[in-house]
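Below, each chain spelled out in residue letters.
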Amino acid sequence: MTVIQNITSHLSVKKAGIAGAGGLGSNVAAALVRSGLGHIVIADYDVVTEANLNRQFFFADQVGRSKVEALRENLLRINSRADVEARFCKVTARNAGSLFGSCDVVIEAFDRADEKKWFAEWMIAHFPAKPLIMGSGMAGYGRPETLRVQRSGNLYICGDQKETDEKLVPLLAPRVIMVAMMQADLALELLLKEKPL
Amino acid sequence: MTITLNNRKESFSPQEMSITRIMEEKSFIFKMLIVKLNGTLIPRESWTRTVVRDGDRLDIIHLVSGG
């Protein structure tokens, strides 16, 4: 078995949960499916808009469709054998356990800071042993060296953690996707930790 | 006291301090923060009365909108 076959066979039995299918979630999902991850559950209650196309993994002909369904279609075009569970719903305290309880790793990919905070606190309270990989701070362009990972036990925070005015500093593809790739790379690190050499 | 703040050693002259005082001293002024002391989540309402001592590990995470 080659090294890449060893990695993909190890990832093929793993499951990641992704909370949100926007700029972070859609791009994380694509990188994980490309890497050979076998199982993904992704939850979001939004539809694809024209404005999403500047950074999210959707296409112009998918505008108006549910993000999770459009994303599932795109992911299956990368790997038709991937098991992609698309859940068109808002993540709440009532359904988070059934959505993410069986995942090996969970990616936080919400848009709003209050949702990020709620979800982090809920995960720490209910699944303290499960790795949670968050994104925080990625607006604007330039200064790529400010993007970093903060590690705190099973909590990992990717981004610059810098507050900006969203009217003046928009979200653009490079920094959003860089943070998504940091999240995906950390997911691989955690999922491959106990991989035999 | 010397503590580990966000994975870096930081020294303060008092022997113990509340989380709120450490935040004031280190200029953590943002709204959406997650605070963990020795791995335990500390809710906002407890920051003033939670005491940090020498050798403790304090993590302060700033959550920003956008994703």
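The rules we used
Residues numbered from 1 in each chain as written. Chains lettered and ligands numbered in written order. Predicted model: local features only at pLDDT ≥ 70, side-chain atom pairs only at ≥ 80, totals over all residues. Contact = placed C-beta atoms within 7 Å. Helix = DSSP H or I, 4+ residues; strand = E, 2+ residues; numbered from the N terminus. Nonpolar A, V, L, I, M, F, W, Y, C, P; charged D, E, K, R; others polar. Pairing = 2+ DSSP bridges. Axes fitted to C-alpha atoms, helices over the stretch in contact; angles between N-to-C directions. Parallel < 35°, antiparallel > 145°, perpendicular 65-115°, else oblique. Left-handed = near helix turned anticlockwise from the far one by under 90°. pLDDT = per-residue confidence, 0-100.

What about the interface of chain A and chain B?
Chain A puts 30 residues into the contact, and the matching count from chain B is 16 residues. For the side of chain A that touches chain B, the elements supplying multiple residues, two or more each, are helix H2 (23–35), helix H5 (113–126) and strand E6 (148–152) of chain A. The greatest single-element share of the side of chain A that touches chain B, amounting to 7 residues, is contributed by H5 of chain A. Classifying every residue of the side of chain A that touches chain B gives 10 nonpolar, 10 polar and 10 charged.

As for the sheet that holds strand E5 (residues 40–41) of chain B
The 5 strands are arranged E2-E1-E7-E4-E5 (chain B) in an open sheet whose pairing can be described as mixed. Looking at which strands have only one partner, the edges of the open sheet turn out to be strand E2 (8–11) and E5 of chain B.

With respect to the environment of Ser-102 of chain A
By the secondary structure assignment, Ser-102 of chain A is in the loop between helix H4 (96–100) and strand E4 (105–108). Between the C-alpha atom of Ser-102 of chain A and that of Val-41 of chain A, which follows or precedes it by 61 residues, the distance is 9.7 Å.

Some remarks on the packing of H2 of chain A against helix H6 (residues 173–191) of chain A
Residue and element names in this part refer to chain A. Packing of H2 against H6 brings their axes to within 8 Å, and their N-to-C directions diverge by 45 degrees. Between H2 and H6, the angle is such that the two are oblique. Considering the relative orientation of H2 and H6, their crossing is right-handed. For the pair H2 and H6, the contacting residues are Gly-23, Leu-24, Asn-27, Val-28, Ala-31, Leu-32 and Ser-35 in the first and Val-176, Ile-177, Val-179, Ala-180, Met-181, Gln-183, Ala-184, Ala-187 and Leu-188 in the second. Of the residues assigned to the contact of H2 with H6, the class counts are 12 nonpolar, 4 polar and no charged.

Section: unusual backbone geometry
Residues and elements named next belong to chain B. In this model, Asn-7 sits at a positive phi of 70 degrees, which is unusual for a non-glycine residue. For Asn-7, the location among the structural elements is in the loop between strand E1 (2–5) and E2. Backbone geometry at Ser-27 places phi at a positive 60 degrees, although glycine is not the residue there. Tracing the chain through its elements places Ser-27 in the loop between helix H1 (19–25) and strand E4 (33–37).

So, the environment of Thr-8 of chain A
Among the structural elements, Thr-8 of chain A can be located in helix H1 (residues 3–11). The sequence separation of Thr-8 of chain A and Ser-35 of chain A amounts to 27 residues, and the corresponding C-alpha distance is 6.5 Å.

Focus: the confidence of the model for chain B
Detail in the predicted coordinates should be disregarded across regions flagged by low pLDDT. Residues with a pLDDT of 70 or more make up 100% of chain B, whose mean pLDDT is 95. For this predicted complex, the interface confidence score (ipTM) comes to 0.93, while the overall pTM stands at 0.96.

A closer look at the packing of H2 of chain A against helix H3 (residues 67–78) of chain A
Residues and elements named next belong to chain A. Between H2 and H3, whose axes approach to 9 Å, the crossing angle comes to 25 degrees. Judged by the inter-axis angle, H2 sits roughly parallel to H3. Seen along the crossing, H2 lies across H3 with a hand that is right-handed. The residues of H3 that touch H2, namely those facing Ser-26, Ala-29, Ala-30, Val-33 and Arg-34, are Leu-71, Leu-75 and Ile-78. Of the residues in the contact of H2 with H3, the class split is 6 nonpolar, 1 polar and 1 charged.

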